[in-house]
Amino acid sequence: MTAEILSTHTPALFAAAAGRAAALLRAGEVVALPTETVYGLAGNAFDAAVVAKIYSAKGRPAHNPVIVHVDSRAMAAACASLWPAMADRLADAFWPGPLTLVVPRAAHIPDIVTAGGPTVAVRWPLHPLMPAVIRACGFPLAAPSANLSDQLSPTNAAHVAKQLGDRIPLIVDGGDCNVGIESTVVDVTGPEPRVLRPGMISAEAIAAACGGMRDAERGMRKEDGALRSPGMLAKHYSPRAKLVVLEWRDEADLLARLGAMGRGLADVHVLAHTQIPLGGKFSHVSVIPYDAEAFARAFYGELHRCDDEGAALIVVEALPDHPDWAGITDRLRRAAA
Ligand code: AMP
Ligand code: MG
């Protein structure tokens, strides 16, 4: 199988791509669709056999649950046995957008979607393509990132084609992802919102949106067990090359640090934002913006490029310790693990 790639940059192309995706999805196929976070590999969330196809196309371990994508709050609530008041607050503030809410699952959500757990993760994406497809299908879409398990998430259609092009029938090209890293995942089943996976919507913004709620309004139970974050592996979102995060004063300092690590400079790619090594000593130097949103948008694309160009070592200049950067710092840590 070689994936057909459909573009969406005119209204007619958009409608044709959404229609083709919906037809394949209604026929029980899985297709890659753009969202504002990363590209997703989508299938009917109500059909366990279809979700099993997603897992096998990705080589995804069964203990890692998938996010269910919806096109309305009503569709999200229909996936839940209970819709907490906190979920309404967060949906008011951030939906549609890069926020995933973990709520108690409805009985009709297949086990394979939740990895057998008592909760389901739901998100209403902002990128218009997936909601248009969901509307045409009439069912929500289970969609993990459209990459092979443990490899880099895709932020454009070419990234998807590289990893899954021979395993799926269709990739819809919706352009470069505007957010660029995976959604913030928040558990709203307890008395306080808990961030299970940081992202570009910060923990501070989540807490602020839930501020001022009366205790009785907030949660569903006072006591809650251990933090539920299935699938949150230390090593994830990784390029093939080894990745290290370093701080350096200037180029001489960076060269000394790499020397101390016993590294030559062959196939070393540097991603810098402030202290840019300009001496021509490295295989590649990228300047990435010192701005959290712009950095997130560029980051996976840079890692894909490093892999494509055969980098042996990726050196990333250390990031600020600031809430706006928490999601990126998390992905950088997993890429370096
Ligand atoms: P991906 O779709 O590849 O970005 O991965 C989805 C991630 O969402 C998983 O790795 C989990 O961290 C999280 N997730 C999905 N479903 C649940 C759930 N029911 N409870 C907690 N976290 C979840
Ligand atoms: Mg993923």
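Quick look at the structure, then. Predicted model, so just to flag it, every value in this text is computed and none were measured.

### Remarks on the overall build of the protein chain
Helix and strand content of the protein chain: 12 helices and 14 strands. Relative to its length of 337 residues, the protein chain is compact, with a C-alpha radius of gyration of 20 Å against a globular reference of 20 Å. With respect to the principal axes defined by its C-alpha atoms, the protein chain has extents near 60 × 50 × 35 Å. Counting all 337 residues of the protein chain, 55% fall into the buried class. Taking all contacts inside the protein chain whose residues are at least 6 apart in sequence as the whole, residues at least 24 apart take part in 70%. By element, 55% of the accessible surface of the protein chain is carried by carbon and sulfur atoms, the whole surface being about 13400 Å². If the 31 positive side-chain charges of the protein chain are averaged to one point and the 35 negative ones to another, these points end up 4 Å apart.

### Some thoughts on the sheet that holds strand 14 (residues 313-317)
Ordered by their spatial adjacency, four strands build an open sheet running 11-14-12-13, and the pairing between neighbours is parallel. Taken across any chain shown, the strands that pair with only one partner, and hence form the sheet edges, are strand 11 (242-246) and strand 13 (284-287). Within the sheet, the average angular offset between the axes of one strand and its neighbour, ignoring direction, is 20°.

### Thoughts on the pattern of salt bridges
Summed over the entire model, instances satisfying the criterion amount to 16 salt bridges. The partner of Asp187 in a salt bridge is Arg194, and the shortest N-O contact between them spans 3.1 Å. Looking at Arg194, the relative accessible area reads 22%, which means it is partly exposed. Overlapping salt bridges, with partners in common, bring together Glu182, Asp330, Arg331, Arg333 and Arg334 in one network.

### Thoughts on the packing of helix 11 (residues 292-308) against helix 12 (residues 326-336)
At a minimum axis separation of 10 Å, helix 11 and helix 12 run at an interaxial angle of 30°. Here helix 11 lies roughly parallel to helix 12, going by the angle between them. As helix 11 packs across helix 12, the resulting crossing turns out to be left-handed. Together, Ala292, Phe295, Ala296, Phe299 and Tyr300 of helix 11 and Ile328, Arg331 and Leu332 of helix 12 make up the contact between the two elements. The residue inventory of the contact of helix 11 with helix 12, partitioned by class, reads seven nonpolar, no polar and one charged.

### Some details on the packing of aromatic side chains
As enumerated under the stated definition, the model contains five aromatic pairs in all. When the centroid spacing of 6.2 Å and the interplanar angle of 40° are considered together, the rings of Trp83 and Trp95 count as tilted. Of this pair, Trp83 sits in the loop between helix 3 (73-78) and helix 4 (85-94) while Trp95 is found in the loop between helix 4 and strand 5 (99-104), placing the two residues 12 residues apart along the sequence. Considering the side-chain rings of Phe295 and Trp325, the 5.4 Å spacing of their centres and the 70° angle between planes classify their relative orientation as edge-to-face. Highlighted residues: Phe295 in helix 11 and Trp325 in the loop between strand 14 and helix 12, separated in sequence by 30 residues. Across the pair, exposure class does not vary: Phe295 and Trp325 are buried alike. Three or more aromatic residues joined by ring pairs form one cluster here, namely Tyr290, Phe295, Phe299, Tyr300 and Trp325. We note Arg60 situated over the ring of Tyr55; from NZ or CZ to the ring centre the distance is 6.0 Å.

### Examining a negative patch on the surface
Together, Glu204, Asp291, Glu293 and Asp324 make up a negatively charged patch on the protein surface. Within the secondary structure, Glu293 sits in helix 11. Residue classification places Glu293 among the exposed residues on the basis of a relative accessible area of 53%.

### Observations concerning helix 4
Three- or four-residue spacings in an α-helix give side chains the same orientation, since the helix completes a turn every 3.6 residues. Listing the buried residues of helix 4 in full gives Met86, Ala87, Leu90, Ala91 and Phe94. Burial along helix 4 is one-sided: seen end-on, the buried residues are contained in an arc of 135°.

### Regarding the pairing of strand 14
Along strand 14, five of the five residues are buried, which leaves the element largely enclosed by surrounding structure. Here strand 14 shows a buried face lined by Leu313, Val315 and Glu317 and a second buried face lined by Ile314 and Val316. Both strand 11 and strand 14 contribute to a ladder of five bridges, which runs parallel. Bridge pairing links Leu243 to Ile314 in strand 14. Sheet topology note: the strand 12 (residues 268-272)/strand 14 ladder contains four bridges and is parallel. Note that in strand 14 the partner of Leu271 across the bridge is Val316.

### Quick word on the nonpolar core
Leu33, Leu90, Leu101, Val122 and Val133 are the most contacted members of the largest nonpolar core, which totals 69 residues. With residues up to four places along the chain from it excluded, the contact list for Leu33 reads Ala21, Tyr39, Gly40, Ala42, Leu129, Met130, Val133, Leu141 and Val172. By size, the runner-up hydrophobic cluster in this structure holds 23 residues, among which are Leu243, Ala292, Phe299 and Trp325.

### Regarding the packing of helix 1 (residues 11-26) against helix 6 (residues 129-137)
Taken N-terminus to C-terminus, the directions of helix 1 and helix 6 make an angle of 50°; their axes are 9 Å apart at the nearest point. Regarding the angle of helix 1 to helix 6, the classification is oblique. As helix 1 packs across helix 6, the resulting crossing turns out to be right-handed. Taking contact as the criterion, the partners of Phe14, Ala18, Ala21, Ala22, Leu25 and Arg26 in helix 1 are, on helix 6, Leu129, Ala132, Val133, Ala136 and Cys137. Looking at the contact of helix 1 with helix 6, its residues break down into 10 nonpolar, no polar and one charged.

Analysis parameters
- Residues numbered from 1 in each chain as written.
- Chains lettered and ligands numbered in written order.
- Predicted model: local features only at pLDDT ≥ 70, side-chain atom pairs only at ≥ 80, totals over all residues.
- Heavy atoms only, no water.
- Helix = DSSP H or I, 4+ residues; strand = E, 2+ residues; numbered from the N terminus.
- Rg over C-alpha atoms; globule rule 2.2 N^0.38 Å.
- Buried < 20%, exposed > 50% of the residue type's maximum accessible area, 1.4 Å probe, protein only.
- Contact = heavy atoms within 4.5 Å.
- Areas by Shrake-Rupley, 256 points an atom, 1.4 Å probe, with all protein chains shown as cover.
- Lys, Arg positive; Asp, Glu negative; His and termini not counted.
- Charge placed at Lys NZ, Arg CZ, Asp CG, Glu CD.
- Pairing = 2+ DSSP bridges.
- Axes fitted to C-alpha atoms, helices over the stretch in contact; angles between N-to-C directions.
- Salt bridge = Lys/Arg side-chain N within 4 Å of Asp/Glu carboxyl O.
- Parallel < 35°, antiparallel > 145°, perpendicular 65-115°, else oblique.
- Left-handed = near helix turned anticlockwise from the far one by under 90°.
- Nonpolar A, V, L, I, M, F, W, Y, C, P; charged D, E, K, R; others polar.
- Phe/Tyr/Trp six-rings, centres within 6.5 Å; stacked < 30°, edge-to-face > 60°.
- Lys NZ or Arg CZ within 6 Å of the ring centre and 35° of its normal.
- Patch = residues over 30% accessible without salt bridge, like charges linked within 9 Å, V, L, I, M, F, W, Y side chains within 5 Å.
- Arc of directions from axis to C-beta.
- Core = buried A, V, L, I, M, F, W, Y, C linked by side-chain atoms within 4.5 Å.

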